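Coordinates in review
If you want the building blocks of each chain, they are given just below.
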2 protein chains.
Amino acid sequence: MPAPLSVPLPVPLFAKIAIIGLGLIGSSIAHAARRGGLAGEIAGHDASAAVIETARTLGFCDTLHDDLALAVREADLVILCAPVGAYKAIAQAAAPHLKPGAILSDVGSVKGAVMRDVGPLVPPGVRFIPAHPIAGTEFSGPEAGFATLFDGRWAILTPPPGADAQAVDRLKAFWQGLGSQVDVMDAAHHDLVLAITSHLPHLIAYNIVGTAHDLEAVTEGEVIKYSASGFRDFTRIAASDPTMWRDVFLNNREAVLEVLGRFNEDLSILQRAVREGDGQTLFDTFSRTRAIRRAIIEMGQESPAPNFGRDLKE
Amino acid sequence: MPAPLSVPLPVPLFAKIAIIGLGLIGSSIAHAARRGGLAGEIAGHDASAAVIETARTLGFCDTLHDDLALAVREADLVILCAPVGAYKAIAQAAAPHLKPGAILSDVGSVKGAVMRDVGPLVPPGVRFIPAHPIAGTEFSGPEAGFATLFDGRWAILTPPPGADAQAVDRLKAFWQGLGSQVDVMDAAHHDLVLAITSHLPHLIAYNIVGTAHDLEAVTEGEVIKYSASGFRDFTRIAASDPTMWRDVFLNNREAVLEVLGRFNEDLSILQRAVREGDGQTLFDTFSRTRAIRRAIIEMGQESPAPNFGRDLKE
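It should be emphasised that the depicted structure is a prediction, and the values quoted were computed from it without experimental measurement.

Rules behind the numbers
- Residues numbered from 1 in each chain as written.
- Chains lettered and ligands numbered in written order.
- Predicted model: local features only at pLDDT ≥ 70, side-chain atom pairs only at ≥ 80, totals over all residues.
- Heavy atoms only, no water.
- Contact = heavy atoms within 4.5 Å.
- Buried area = accessible area lost by both parts, 1.4 Å probe.
- Salt bridge = Lys/Arg side-chain N within 4 Å of Asp/Glu carboxyl O.
- Polar contact = N/O pair within 3.5 Å; in protein donor to acceptor, adjacent residues only side chain to side chain.
- Helix = DSSP H or I, 4+ residues; strand = E, 2+ residues; numbered from the N terminus.
- Nonpolar A, V, L, I, M, F, W, Y, C, P; charged D, E, K, R; others polar.
- Domains from an automatic or database assignment.
- Least-squares fit on C-alpha atoms with pLDDT ≥ 70 in both.
- Buried < 20%, exposed > 50% of the residue type's maximum accessible area, 1.4 Å probe, protein only.
- Pairing = 2+ DSSP bridges.
- Axes fitted to C-alpha atoms, helices over the stretch in contact; angles between N-to-C directions.

**Remarks on the interface of chain A and chain B**
- Each partner contributes residues to the interface: chain A has 110 residues there, and chain B has 111 residues.
- Counting the surface lost from both chain A and chain B, the interface buries some 10900 Å², and carbon and sulfur atoms represent 66% of this.
- Applying the counting rule to chain A against chain B returns eight salt bridges.
- Its salt-bridge partner being D214(B), residue R288(A) comes within 3.4 Å of it at the nearest N-O pair.
- Between chain A and chain B we count 32 residue pairs in polar contact (both at pLDDT 80 or more) in total.
- Mapped onto the side of chain A that touches chain B, the elements with two or more residues apiece are β8 (154-157), α7 (187-214), α8 (220-225), α9 (231-237), α10 (242-251), α11 (253-276), α12 (279-287) and α13 (290-298) of chain A.
- For the side of chain A that touches chain B, the residue count by class is 55 nonpolar, 29 polar and 26 charged.

Given below as structure tokens:
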């Protein structure tokens, strides 16, 4: 009989984990941690009573707590999965109740601001190791989570200078247990990399959907009908959670403005080429981009299927 | 026994069609026309001998011709499927050989320029009815075509003022036979609608992929690894055929510059909101876009599946 591809660890990596914020990412961590047998107890907390009620119905946590203090008490790993703008208040409320030796982590899309806001509030003896899983869908909320969200995706850890190496290794093992590949880098570099790979694309996508919405000469019905010609690729990421994305842009201002400045410079060159009918510049620009696309597919971060990888008849 | 969902027409809609240009769209028309039994003979021509050879191997045309004149001779429907920039030369060469009463059409992404370039070359008695199927993939060439490319998508016809109504109806029936839904509008409106739904998204996507490529502080490997965070949605359309897209921007300059101007205005507002930390403007902008996304999914022009509708493990 062939050996199974993966087996649960005989002893869970953590006796208790606490997930603070039970939206798409928090609930997916719960699902995946259970699948991987990574925690003896999965405790959950959310600021919204309705979200806790939904989580109770769905059953992805072992224990659910209206009281943040009860959720984090005795937890070996506490993961903040709320919008980044809420971290400071959560960290302040949770700090007195954190277990000495616990790992405090998060899943926020910006890391410099998290270090700045949460770092000073971390009690001595608690190991603070921010993290960011590069995974998501266009859906939000506790119903949106699923166990395979992180499979094959990357998670980036940004331990502060001098962080405890053993704690970093345990958090790394946790994310690997959730299905991720793990990278480690400093927070400033993370924020620049994500500014170009994620934050700028979202800003641009939100913007173009807004522009289309406001055009008087083209109806919204026309935009929707003919969206398969390119537009729909932007609506996908422009449907992401508004609160989360507001907080991203409020908390990664410098890096976003830097890459946006570069984007605008480059766009001016293309705009001039269109105005002047400079076909060579257009052709050269349009020819450079296929190699990146091929590499993304080869890295397993995308599907090369026809019709843009989507089954349009469903 | 239940009736089959569709049956080939007892008599083909056209005795002979000629497809000029055997890339993704031309070859897909051939595949779909054969599937639908729409033509007694599917003739093909391409400027490239290598493409003709590939088409011969794949067998999607009944007859293949190095000589354009032979391809269009006696054809009841001639469809230009080459890049728009090549139309004028093709139309000049084909005009003396077109059958009186034939329909001349095309599949170009711009329609005003096609009317301007090709219209004056159309011999009396030939009915010129430009068309544009809103369908595509990121792949090019005769191997990329497939019979279901147009199923459920929209095709737009832009008959010139005073066009023969019967010819419009026959072309409409042809596109419906290929699997499309059909709309009719004037060329100028088509060009504005496509400028916002297709041309601007492509320009933006090409641009952001170029910006990412040129950033010194972020390696291309990092961009590729973390592309699932948003960037990859842009690489998909930025991998489209460079020659085709150069010709689109050279031939729809006014409408593209108009929507690009609007896009830039809107982006300036978002840029200022980021710089000034104006969370309300960001949140309001990000909240408006979900409704459009939902409508696109409801219209069947997109899949709502998790992980952005893609099976990432394949």
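Structure shown, so let's carry the discussion forward.
**Brief notes about the domain arrangement of chain A**
All names here are of chain A.
- Once the domains are mapped, chain A shows domain 1 (14-185) and domain 2 (190-298).
- One C-alpha centre belongs to domain 1, the other to domain 2; they are set 30 Å apart.
- In this complex, domain 1 contributes 18 residues to the contact, which on the side of domain 2 involves 13 residues.
- For the pair domain 1 and domain 2, the summed buried surface comes to about 1200 Å²; carbon and sulfur atoms form 60% of the total.
- One can count zero salt bridges joining domain 1 with domain 2.
- Those elements that place two or more of their residues in the side of domain 1 that touches domain 2 are α5 (112-118) and β7 (131-134).
- When residues in the side of domain 1 that touches domain 2 are grouped by element, the largest group, four residues, is from α5.
- The residue makeup of the side of domain 1 that touches domain 2, split by class, is eight nonpolar, six polar and four charged.

**Some details on the relation of the copies chain A and chain B**
- With an axial shift of 0.0 Å and an RMSD of 0.0 Å, the rotation relating chain A to chain B amounts to 180°. The transformation just described matches what one would write down for a two-fold rotation axis.
- Of all interface residues in chain A, 100% are interface residues in chain B too; the two copies therefore contact each other through one and the same surface.

**Digging into the environment of A47(A)**
All names here are of chain A.
- Inspection of the secondary structure puts A47 in the loop between β2 (39-45) and α2 (49-58).
- A residue is classified by how much of its surface remains accessible, and A47, at 82% relative accessible area, is exposed.
- Residues A47 and I79 lie 32 residues apart in sequence; the distance between their C-alpha atoms is 14 Å.

**Details of the pattern of salt bridges**
- Tallying each qualifying case throughout the model produces 26 salt bridges over all chains.
- The partner of R34(A) in a salt bridge is D62(A), with the nearest N and O atoms 2.9 Å apart. Placement of the pair is R34(A) in helix α1 (residues 24-36) and D62(A) in the loop between α2 and β3 (63-65), with a sequence separation of 28 residues.
- By relative accessible area, D62(A) is classed as partly exposed at 42%.
- Between R236(A) and D233(B) there is a salt bridge, with its nearest N and O atoms 3.4 Å apart. In this pair, R236(A) is assigned in helix α9 and D233(B) in helix α9 (residues 232-237), connecting two distinct chains. Note on accessibility: R236(A) and D233(B) belong to one class, buried.
- One connected set of salt bridges, linked through shared partners, spans R232(A), D233(A) and R236(B).

**Here we look at the sheet that holds strand β9 (residues 181-184) of chain A**
All names here are of chain A.
- Strand order in the open sheet formed by three strands is β7-β8-β9, and the pairing between neighbours is mixed. Either end of the sheet is taken by a strand with one partner, and the two such strands are β7 and β9. With direction set aside, neighbouring strand axes in the sheet form an average angle of 20°.
- Looking at chain direction, β7 and β8 are connected through four bridges and run antiparallel. Bridge pairing links I134 to W154 in β8.
- Its contacts with the sheet put helix α6 (residues 165-177) on β7, β8 and β9, and the angle it makes with β8 is roughly 165°.

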